[in-house]
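One letter stands for each residue in the lines below.
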There are 4 protein chains.
Amino acid sequence: MWRPTEVADPFSHEIRVTWADCDPAFIAYTGRIPYFALDAINAWWEEHIGGGWYQMELDLGWGTPFVHMSLDFRAPVTPRHRLNCTVWPVALGQKSITFEVKGYQNEILCFEGRFVSVFITAGSLDTRTAPDSVQTIVAGINPEACAAKPEK
Amino acid sequence: MWRPTEVADPFSHEIRVTWADCDPAFIAYTGRIPYFALDAINAWWEEHIGGGWYQMELDLGWGTPFVHMSLDFRAPVTPRHRLNCTVWPVALGQKSITFEVKGYQNEILCFEGRFVSVFITAGSLDTRTAPDSVQTIVAGINPEACAAKPEK
Amino acid sequence: MWRPTEVADPFSHEIRVTWADCDPAFIAYTGRIPYFALDAINAWWEEHIGGGWYQMELDLGWGTPFVHMSLDFRAPVTPRHRLNCTVWPVALGQKSITFEVKGYQNEILCFEGRFVSVFITAGSLDTRTAPDSVQTIVAGINPEACAAKPEK
Amino acid sequence: MWRPTEVADPFSHEIRVTWADCDPAFIAYTGRIPYFALDAINAWWEEHIGGGWYQMELDLGWGTPFVHMSLDFRAPVTPRHRLNCTVWPVALGQKSITFEVKGYQNEILCFEGRFVSVFITAGSLDTRTAPDSVQTIVAGINPEACAAKPEK
């Protein structure tokens, strides 16, 4: 199983879970969890390239649609605590990037998942190689990711 | 890999994809796809036990929270066609059930995924064995599911 | 106050309310109700012009962004019954259209609201006059709407 | 039209608008705006009573379901700027409370709305008088609200 290296702490994104996210079992609805994880990945991009998917697509001319996601739900998510989602790039392929996202509340792991995106030219479905800027960013955060064999 | 047997066609649930589901790339937002798949599983329950998760929890006294989901995104989902989601029980363990969901538009596979739920007593996190009624239903639809070794 | 004339029954759109829509009070979350109403209006367009907002924007070259909505919540919405939303055009101005939407479950009025959109040229914020096709449609459904003074 | 008095600045809640909120017109989908406004009201409660609707219902034993909302959409909401939502109690009736919410991006008013809730005993639809704690809070923020005649 992957462990963050000492190189850097994973980026963390805080989410305020509310009543609106909860179902009649008094916990966040399962369908909301992928939203939370995606929100955290979008925030990772915002932190590292200065904008989320919106700016990426409209200003930078490329996009990162998802081709795969998998999640394990470990503990319920509730409005009792903020949800802290760590985002860690685990593999940067020639045309894809894989993130691991872990959601914690009160230091308890609530869910963890893997999310694979491909790089495309904005406004198309044509894949392209990862922008140089992304390679530089990932190399600085997790050099092992650049050597990792992508899952997909 | 699972293939539908001749015993029965998979249950299919139609979803009307709209503008509201789409992002600025003119396709359904990735975060919506798990919602669609969950909606189809809820409809499967409605078809087979007479109610969805709401009735299951409030009237029948048990629930089926998810412990795992994985999805592969094969083609974009758009409002150009209805989205037909097939739902097929692929494994019924002592305390868990695994569904395979496939989403099609215009006969093109848009996504496929696996969803694992555990059986619990309503209002708790206590797992329980699968209700007899569920065993009977699954045995009638896909006998192989009852013999399958659950993933989780 | 508007009353449906004998000219035509209001268009009705059926929504399957589920667990996913509900909050811990066991009823559909307030924030979901505008979604339901908008979904019904989108279905009204689909019924009358052959496509929803997606096709309107991409294929027909015009759009109908909202400038106002108001809703009164009369009774809780739950997964116990399908939600039937009637949509009725109550005013067609030179550049705007007003719909009344009423949501019923089991013949009980759950909510009612008014929604005002303006006509724009797709891809812009420039308002334009209502397309002729819309004038013809509304005149056929509710002639009084064409004479009504728009709220906004 | 209401103006905040000098007594206090309205409470403001910041929302990070993202790609996930946007539709193919590159702006936040209309149906998201009521969500944003409700999120801001929930944050107002969190600020003033120490918890949102979740804690209110589960820990304090009362709730505030909505009976009315109305919104005017003034300018598009996009991911270009954070969305700052001010929340101001404008009327506290014996059994209801009315909030005004205004959403700003880059100091431009994007939407404004009024939201009326009634006080209920948790787990029921039985209305009750406003808790003393709420009367104290509102009196401290906007004394005029306590004298205002509720809309509904």
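Structural notes, computed from the coordinates. Keep in mind that what you see is a predicted model, and the values were worked out from it rather than measured. (Residues numbered from 1 in each chain as written. Chains lettered and ligands numbered in written order. Predicted model: local features only at pLDDT ≥ 70, side-chain atom pairs only at ≥ 80, totals over all residues. Heavy atoms only, no water.)

### Quick notes on the sheet that holds strand β3 (residues 66–73) of chain B
Note on sheets: strands pair through backbone hydrogen bonds, and any given pair is parallel or antiparallel. Test applied: Any two strands with at least two DSSP-identified bridges between them are counted as paired. A run of DSSP states H or I qualifies as a helix once it reaches four residues; a run of E qualifies as a strand once it reaches two. Both are numbered from the N-terminal end. A fitted line through C-alpha atoms serves as each axis, taken over the contacting stretch for helices, and the angle formed by two N-to-C directions is quoted from 0 to 180°. Residues count as neighbours in contact if any of their non-hydrogen atoms are within 4.5 Å of one another.
Spatially, the ten strands line up as an open sheet ordered β1(A)-β4(A)-β5(A)-β6(A)-β3(A)-β3(B)-β6(B)-β5(B)-β4(B)-β1(B), and their pairing is antiparallel. On the outer flanks of this sheet lie β1 (11–15) of chain A together with β1 (11–15) of chain B, each paired with one strand and no other. Pairs of neighbouring strands in the sheet enclose a mean axial angle of 20 degrees, with direction left out of account. In this structure, β1 of chain B lies alongside strand β4 (residues 83–92) of chain B, joined through five bridges in antiparallel fashion. Paired with His13 of chain B across the strands is Cys85 of chain B, a residue of β4 of chain B. Along the sheet face, helix α3 (residues 132–141) of chain A touches β4 (83–92) and β5 (96–105) of chain A and points at about 110 degrees away from the line of β4 of chain A.

### Overview of the packing of aromatic side chains
Put simply, the test is: Put simply, two rings from Phe, Tyr or Trp (the six-membered ring, in Trp's case) pair if the centres are within 6.5 Å, and we call them stacked under 30 degrees between planes, edge-to-face over 60, tilted for the rest. Each residue is placed in one exposure class: buried if its accessible area under a 1.4 Å probe, protein chains only, is under 20% of its type's maximum, exposed if it is over 50%, and partly exposed if it falls in between. Cation placement over rings: the criterion is NZ of Lys or CZ of Arg within 6 Å of the ring centroid and within 35° of the ring normal.
A full pass over the atoms with the stated rule returns 36 aromatic pairs over all chains. Both rings, one in Tyr35 of chain C and one in Tyr35 of chain D, keep their centres 5.7 Å apart while their planes meet at 90 degrees; by these two values the pair is edge-to-face. Residue Tyr35 of chain C is located in helix α1 (residues 32–49), and its partner Tyr35 of chain D is located in helix α1 (residues 32–49); the two belong to separate chains. With respect to class, Tyr35 of chain C is no different from Tyr35 of chain D; both count as buried. In textbook terms, an aromatic cluster arises when at least three aromatic residues are bridged by ring pairs, as seen for Trp44, Trp45, Trp62, Phe99 and Phe119 of chain A. Here Arg32 of chain B stacks its cationic end above the ring of Tyr35 of chain B, 5.0 Å away from the centre of that ring.

### Concerning the sheet that holds strand β1 (residues 11–15) of chain D
The strand order across the open sheet formed by ten strands is β1(C)-β4(C)-β5(C)-β6(C)-β3(C)-β3(D)-β6(D)-β5(D)-β4(D)-β1(D), and the pairing between neighbours is antiparallel. Across the chains shown, the open sheet's two edge strands, defined by having one partner strand only, are β1 (11–15) of chain C together with β1 of chain D. Sheet twist, expressed as the average angle between the axes of neighbouring strands with direction ignored, equals 20 degrees. Those strands touched by α1 of chain D are β3 (66–73) of chain C together with β1, β3 (66–73), β4 (83–92), β5 (96–105) and β6 (108–118) of chain D, and its axis lies near 130 degrees from that of β1 of chain D. Helix α3 (residues 132–141) of chain D contacts β4 and β5 of chain D of the sheet and is inclined by roughly 110 degrees relative to β4 of chain D.

### Side note on the relation of the copies chain A and chain D
Applied cut-off: Least-squares fitting of one copy onto the other uses the C-alpha atoms of those residues that reach a pLDDT of at least 70 in both copies.
For the pair chain A and chain D, the relating rotation is 180 degrees, the translation along its axis is 0.0 Å, and the fit reaches an RMSD of 0.0 Å. As the rotation angle and translation indicate, the two copies are arranged about a two-fold axis. Within chain A, Ile15 of chain A has its C-alpha nearest the rotation axis, a separation of 5.4 Å.

### Notes on the interface of chain B and chain A
To keep it simple, the criterion reads: Using a 1.4 Å probe, buried area is obtained as the accessible area two parts lose upon being combined, added over both of them. Between Lys or Arg on one side and Asp or Glu on the other, a salt bridge is scored when a side-chain nitrogen of the former is within 4 Å of a carboxyl oxygen of the latter. Here a polar contact means two N or O atoms within 3.5 Å. Within protein one must be a hydrogen donor candidate and the other an acceptor candidate, and residues neighboring in sequence count only if both atoms are side-chain atoms.
Each partner contributes residues to the interface: chain B has 23 residues there, and chain A has 23 residues. The contact between chain B and chain A buries some 2,000 Å² in all, and 66% of this surface belongs to carbon and sulfur atoms. Here chain B and chain A share zero salt bridges between them. At the boundary of chain B and chain A, one finds eight residue pairs in polar contact (both at pLDDT 80 or more). Counting residues per element, the ones that place at least two in the side of chain B that touches chain A are α1 (32–49), α2 (53–60) and β3 of chain B. Here the element with the most residues in the side of chain B that touches chain A is β3 of chain B; it accounts for eight residues. Relative to β3 of chain B, strand β3 (residues 66–73) of chain A is paired through five bridges, and the arrangement is antiparallel.

### Description of the interface of chain A and chain D
Selection criterion: Basically, the charged four are Asp, Glu, Lys and Arg, the nonpolar ten are Ala, Val, Leu, Ile, Met, Phe, Trp, Tyr, Cys and Pro, and anything else, Gly included, counts as polar.
If you look at the interface, chain A gives 20 residues, while chain D gives 20 residues. Summed over both sides, the interface between chain A and chain D buries roughly 2,000 Å², with carbon and sulfur atoms accounting for 57% of that surface. Of all residues in chain A, Trp19, Tyr54 and Arg80 of chain A bury the most surface against chain D, accounting for 36% of the area lost on that side. Between chain A and chain D we count six salt bridges in total. Among the salt bridges present, the one from Arg16 of chain A reaches Glu46 of chain D, with a minimum N-O distance of 3.1 Å. Where chain A touches chain D, the interface holds ten residue pairs in polar contact (both at pLDDT 80 or more). Where the side of chain A that touches chain D is concerned, the elements lending two or more residues are α1 (32–49) and α2 (53–60) of chain A. Broken down by class, the residue content of the side of chain A that touches chain D amounts to eight nonpolar, five polar and seven charged.

### Here's the deal with the pattern of salt bridges
Residue and element names in this part refer to chain B. Inspection of every chain in the model, using the stated rule, returns 40 salt bridges over all chains. Ionic pairing is found between Arg74 and Asp72, a salt bridge with its closest N-O pair at 3.9 Å. The exposure class assigned to Asp72 is buried, which follows from its relative accessible area of 15%.

### Some remarks on the relation of the copies chain B and chain A
When chain B is fitted to chain A, the residual RMSD is 0.0 Å, and the transformation amounts to a turn of 180 degrees plus an axial shift of 0.0 Å. Counting the interface residues of chain B, we find that 100% of their copies in chain A are interface residues as well, pointing to one common contact surface.

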